[in-house]
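Chain by chain, the residues:
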Amino acid sequence: MIDAGCVIGEGTQIWHFSHIMPGCVIGKGCKLGQNVVVMPDVVLGNNVKVQNNVSLYTGVVCEDDVFLGPSMVFTNVINPRSAIVRKHEYRQTLVKRGASIGANATIICGNTIGEYALIGAGSVVTKDVKPYALVVGNPARQVGWVGEYGNQLEFDESGKAVCQESKQVYRLENEQVSKDADQR
């Protein structure tokens, strides 16, 4: 079901049993699987892939090229109660460009997932995740770094890593990863 008052970009595909609510914005070329719910005021950039059984609650913003794995979960209130209305307490969750969130992961509201970060399946994210970080577990802890293709990076003593698939070069300085200046 697609409610009136939402914006859906050209080329976006929405599968069976999904509900797109008023006030949300979905970019171009997105793919939303079966049984996806997009609540009011959610924003999805271009080329976002939302797998089956994902609910995107008010307060979620996903930039371009984000991947949301099957049955992953967002929250939007820290201390929900059935009998207490807390809509005025919704917290924004920002998923930055190119990040991927694995199947059955949970993202606690109010956090930012950095560019190209990779959240392992089943992880529970309770704090911000750095760009290019690989995090796993409950609570999610950083166990490494990944490049834009999602492959784990191995940095040498000079702080340089090369993605074996893309051949892109990355730098690690002060616990922050960036693409080599020549490739930006």
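Residues numbered from 1 in each chain as written. Predicted model: local features only at pLDDT ≥ 70, side-chain atom pairs only at ≥ 80, totals over all residues. Heavy atoms only, no water.

Enquirer: Looking at this structure, how should I read the packing of aromatic side chains?
Expert: In total, this model carries two aromatic pairs according to the counting rule given. Considering the side-chain rings of Y116 and Y132, the 5.6 Å spacing of their centres and the 20° angle between planes classify their relative orientation as stacked. One end of the pair, Y116, is in the loop between β16 (112-113) and β17 (118-119); the other, Y132, is in the loop between β18 (124-125) and β19 (133-136), with 16 residues separating them in the sequence. Following the ring pairs from residue to residue traces out a cluster consisting of Y116, Y132 and Y170. (Phe/Tyr/Trp six-rings, centres within 6.5 Å; stacked < 30°, edge-to-face > 60°. Helix = DSSP H or I, 4+ residues; strand = E, 2+ residues; numbered from the N terminus.)

Enquirer: Please clarify how the environment of K31 should be interpreted in this entry.
Expert: For K31, the position within the fold is in strand β5 (residues 31-32). The class for K31 is partly exposed, based on a relative accessible area of 38%. Each C-alpha atom, one on K31 and one on V48, is 6.5 Å from the other, the two residues being 17 residues apart in sequence. Here K31 is in contact with Q13, V48, K49 and V50, once residues within four sequence places are set aside. (Buried < 20%, exposed > 50% of the residue type's maximum accessible area, 1.4 Å probe, protein only. Contact = heavy atoms within 4.5 Å.)

Enquirer: Is there a simple way to think about the sheet that holds β16 in this case?
Expert: Reading across the sheet, the six strands line up as β1-β4-β7-β10-β13-β16 and stay open at both edges, with parallel pairing between neighbours. Each edge of the sheet is formed by a strand with only one pairing partner; in this case those strands are β1 (7-8) and β16. Pairing between strand β4 (residues 25-26) and strand β7 (residues 43-44): two bridges, direction parallel. When the sheet's bridge partners are listed, V25 is paired in β7 with V43. (Pairing = 2+ DSSP bridges.)

Enquirer: Which parts of the structure should I look at to understand a nonpolar patch on the surface?
Expert: On the surface, V7, V25 and V43 cluster together into a nonpolar patch covering about 200 Å² of accessible area. Residue placement: V43 occurs in strand β7. Judged by its relative accessible area of 32%, V43 falls in the partly exposed class. (Patch = residues over 30% accessible without salt bridge, like charges linked within 9 Å, V, L, I, M, F, W, Y side chains within 5 Å. Areas by Shrake-Rupley, 256 points an atom, 1.4 Å probe, with all protein chains shown as cover. Salt bridge = Lys/Arg side-chain N within 4 Å of Asp/Glu carboxyl O.)

Enquirer: Even after reading the chapter, I still don't get the pairing of β19, so can you show me in this structure?
Expert: Sheet faces and side chains relate simply in a regular strand, where the side chains alternate between the two faces. Across two bridges, the pairing between β17 and β19 is parallel. Pairing of I119 across the sheet is with V135, part of β19.

Enquirer: Looking at this model, I keep getting lost on the nonpolar core. Mind explaining?
Expert: The nonpolar side chains of a soluble globular protein tend to be buried, and buried together. L56 and F74 are the most contacted members of the largest nonpolar core, which totals 41 residues. Mapped onto this core, the elements with two or more residues apiece are β10 (60-62) and β19. (Core = buried A, V, L, I, M, F, W, Y, C linked by side-chain atoms within 4.5 Å.)

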